[in-house]
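# Structural features, examined
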Amino acid sequence: MLDRRQFLKLGGAAAFATLFGGCEKTRKQIIPFVLPPENQVLGEALWYASACGQCPAGCGVVVRVSEGRAKKIEGNPLHPVNRGRLCARGQAALQALYHQERLSGPMKASGPRGSGNWQPVSWEEALSLLMTRLKNVRAEAPASLLMLTEPMRGHEGLVAGRFMKAFGSPHRVAWDPFGRDALLAACEAVHGVRDLPEYDIANARYLLSFSGDFLETWVSPVHYAEAYGRMRGSRETVRGKFLHFGPRLSMTAASADRYLQIAPGTEGVVALGISHVAIRDGLTPPAAAAGNLMAAGLSAYSPEAVEKRTGVRASDLARAAKEFFGNQPGLAIGGTACGSGAAGVFNHAAVELLNALSGSAGLPGGVSFPDRSRAYARYGAERSLLAPPPESGYAAVRDAAGKMRKGTFRMAILAGSSNPAFTLPPAMKFAEALSNVPFAVAFASFLDETSSLADLVLPVPTPMETWGDDIAPVGHGGAVTLRQPVVEPFRDARSMADVLLAAAAELGGESARALPWKSMRDCIEKNYDGPGERLEKALRDGGVFPSDAAPLRAMRKGAVLPPKAPREAAGAVDPGKYPLALHLYPSTALYDGRGANLPWLQELPDPLTTAMWRNWVELNPKTAERMGLADGDGVTIASPHGKITAHVAFNPGLAPDVAAMPTGQGHSRYGRAAVGRGENPFSLLPEAPEGGASGLALQAGRVALEKTALPTRLVRFAHPEGQWKLSNLM
Amino acid sequence: MKHKWAMAIDLDRCTGCGACVAACVAENNIPTVGEAEAGMGRLMQWIRVARYWDEEHAGANAVYLPVLCMQCERAPCETVCPVYATYHNDDGLNAMAYNRCVGTRYCANNCPYSVRVFNWRDHVWEKPLDEQLSPDLSVRSRGVMEKCTFCIQRIRRAKEAAAAEKRPIRDGEVAPACVQTCPPGALLFGDIEDPDSEISRKLSDPRRFRLMEHLGTEPRVWYLKRRKGAGL
Ligand code: SF4
Ligand code: SF4
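Report follows, based on the coordinates. (Residues numbered from 1 in each chain as written. Chains lettered and ligands numbered in written order. Predicted model: local features only at pLDDT ≥ 70, side-chain atom pairs only at ≥ 80, totals over all residues. Heavy atoms only, no water.)

## Overview of the packing of aromatic side chains
Residue and element names in this part refer to chain A. Per the counting criterion, the structure on display carries 19 aromatic pairs over all chains. Arranged with centres 5.8 Å apart and planes meeting at 25°, the rings of Phe-163 and Phe-167 form a pair that is stacked. Taken together, the residues span about one helical turn, with Phe-163 and Phe-167 both in helix α5 (residues 154-167) at a distance of four residues. Of the residues examined, Phe-163 reaches a relative accessible area of 0% and is grouped as buried. Ring centres of Phe-178 and Tyr-591 lie 5.1 Å apart, and the angle between their planes is 80°; this geometry places the pair in the edge-to-face category. Of the two residues, Phe-178 is situated in the loop between β7 (172-174) and α6 (181-191) and Tyr-591 in the loop between β20 (580-585) and α21 (599-602); the sequence distance between them amounts to 413 residues. Residue Phe-178 shares its accessibility class with Tyr-591, and that shared class is buried. An aromatic cluster of three or more residues is present, and its members are Phe-178, Phe-422, Tyr-591 and Phe-682. (Phe/Tyr/Trp six-rings, centres within 6.5 Å; stacked < 30°, edge-to-face > 60°. Helix = DSSP H or I, 4+ residues; strand = E, 2+ residues; numbered from the N terminus. Buried < 20%, exposed > 50% of the residue type's maximum accessible area, 1.4 Å probe, protein only.)

## Here we look at the environment of A:Pro607
Structurally, A:Pro607 is set in the loop between α21 and β21 (611-612). Among the residues examined, A:Pro607 registers a relative accessible area of 8% and is labelled buried. Remark: the alpha-carbon pair of A:Pro607 and A:Gly416, spanning 191 residues in sequence, is separated by 28 Å. Residues in contact with A:Pro607, not counting those within four places in the same chain, are A:Met251, A:Thr588, B:Gly16, B:Arg51 and B:Tyr64. (Contact = heavy atoms within 4.5 Å.)

## Side note on the interface of chain B and chain A
Taken residue by residue, the interface counts 94 residues in chain B and 95 residues in chain A. Here chain B and chain A share an interface that buries about 8100 Å² over both sides, 56% of which is from carbon and sulfur atoms. At the boundary of chain B and chain A, one finds eight salt bridges. In this structure, A:Lys72 engages B:Glu27 in a salt bridge whose closest nitrogen and oxygen atoms are separated by 4.0 Å. Elements with a contribution of two residues or more to the side of chain B that touches chain A: α1 (19-27), α2 (34-39), β2 (48-54), β3 (61-67), β5 (94-96), α4 (152-164) and α5 (177-181) of chain B. Split by residue class, the side of chain B that touches chain A holds 50 nonpolar, 22 polar and 22 charged. (Buried area = accessible area lost by both parts, 1.4 Å probe. Salt bridge = Lys/Arg side-chain N within 4 Å of Asp/Glu carboxyl O. Nonpolar A, V, L, I, M, F, W, Y, C, P; charged D, E, K, R; others polar.)

Quick look at the structure:
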């Protein structure tokens, strides 16, 4: 095994010394078991900075490395996104690094594709197979190459984008099941900027959340949770107040001062009701007051009318308006559920209208749009390859699936954690569509539902073993995060970017010209090295953190109109046959399912239900009682599009007549920790997004439940101290 | 230099996210037990985030309470151990000498906070998952009791760093893994022997309380009640 010093030389990695200096001075190894803890001597360790890759938030990490092995991941205290903090998922990346089922070398499918039979091959053979195919395709029909990945950022995205362009194929598709399409569209409509907004929670005095999930998953959970902590308790005289509207009592809702239940999908109606009161009672600051809002449709949202549709009492709406507009700076934030389904854009736009009327937009404690692309300004139009908008890519995937079926593609390159074969609605028949592509190569660390469908699987390093750079979607402050290998690659893996760079060099011509780097390491070194020790400092710190704040993108000034309510989708599902509204939400531990193969995450009790290792369907106890269902019962959940089973878990704060399920369980491939833990809720979703929004309709479908005997049991975290009185805690 | 380590848990900031649990598992070589054992109540996690349903107030809500070893000054677990495996150290921490533990489980019975976990079996870290194990502390074997140590190895690391630089430990230099990671900063750790430390100042807040104060265990873990704002 390499020792650290050798590793430093070979890998070019730079230790994160700023705050953890002095570790090296500690004494040598020990055998701890025989001594009481005070007398134990600790081993040597160093910390290296890098970037988390467990979700799209882009937190900065530092990794403790001892004897060449990664031992612990913590947040990078210098990083503006997470300021030293990290979520459970980020910490569990260690288990992916040392996972027993991690692919250790390239594999070729033996027998029919997808059968699960593999034959190990050498990298040499694998690459020659890949190159033969690539060369043939390029010679005969370059546009028949498909690249389907998760959204890629930084130079990795540039490499992939340029590779496809130089190759001559326009078919580069990125899929993210939790893409923020509706929020992007709403921000464009209301603020005139098509980007993710930055909500300055830390400096807000008042927070209105509309099915917000910013403390648990969403765009940047650690960033927003850290800011939330400061909003609550870091100011001398102000404790920011937090009101949550939504159909489900979620982890985020539980932190609110008051959780007000609403009918599912009515987030936008509630928000317009609050605006209505504000205009009617003259609560908005005069500069932001837009007199013709009422005439433009807001008059229909009187508190009484809104009460009828949403279930929120008119008096509560009026109070909320008074408090929100009387306690600026304040923020209105819509979450995942708010932006899904036909009403997604309408909901988000109604919420953003509150931010526009508040008068705090662009100010501390308000909403703003720090310019992400400044870091990559030198790339001009190619900037969007390095900092793409966080869209779902749903329409493009659907289009690609259709083309697969028609035989348009001769070859597919698959990569990333968004696992389309698992996260796409079953009606899209992704696996079947892919079977029409003669050759598929997957870049993956694990065999999941998607990589299992390939002819050739090439193992990739985990984020802790790669070179790269990134700019986070929010909270970046203009900073670029750098990723460096913090341990010697533990498996014989090569990153997709490295393979593409090598392939481009071999393809020659336009490809080689577009991608002049030998490897990602070379690319990073060329891009970030400058006079002095610039690169080394950046690697040590974990990124390039500019001292000045990123410039804000100009937001629309002047009159904004209330969004138009979406028309009822034609052929709506019959509520008689499907009596419950379906509400899917990203699992706190497993996200879209990418965490399901890690035992640490499987064994993390869910914040609401305390369930582990298996999925469930949440019901309001009253609804369950009416249906003759008890907590823990097995049920079949049927939608017009699919049918799955799960155990009932009571959520007393869930709206009646709603069935809520976390995504993430239900894998058929993805290793022992993931397989056999229930069925996949994504398979309940319709193919076509119902109405205008283009992402998955996570909160728009309907289902019917039927009691079903299941051989399994839903394990909950025991509550040994159940006798303590709550009033002692609050 | 005497220290009196203590933790403050601000319930007004805790969101129930579970990052502390994951941090603890990673730091302290804590095994996962799997679905079946978890179903028997044999989770090995040293910190739990208990979820209470709040039905006393209007509407249903969830309230989170992170619970870990309270590091009681008058620890009821210590007096019942026949072999002195669990004892008080110089910093006033309730420590475990695993190699002395004979597995009577008296201590766990006598702990009013139910924070002790028992190794009902030898846990396996399938290769190469064991590469992650920290060399700073042992993997406990079957028949041994374990629990939160306030990350004693991290305290030692800070002491060694301070000793090497011939200076006292700085306020904020030591943080158990849970405190280090807690995204909203609900957890705070420090030395209450030092009247100027952040935790000493934090504990002057009238919201403070300790769990089951009436038992006289004198926990070193303090809680700060949730606050309620005016209005809606
Ligand atoms: S929020 Fe996402 S990027 Fe940040 S630590 Fe968690 S998984 Fe990693
Ligand atoms: S990490 Fe902090 S906020 Fe999350 S559950 Fe633990 S104490 Fe609460």
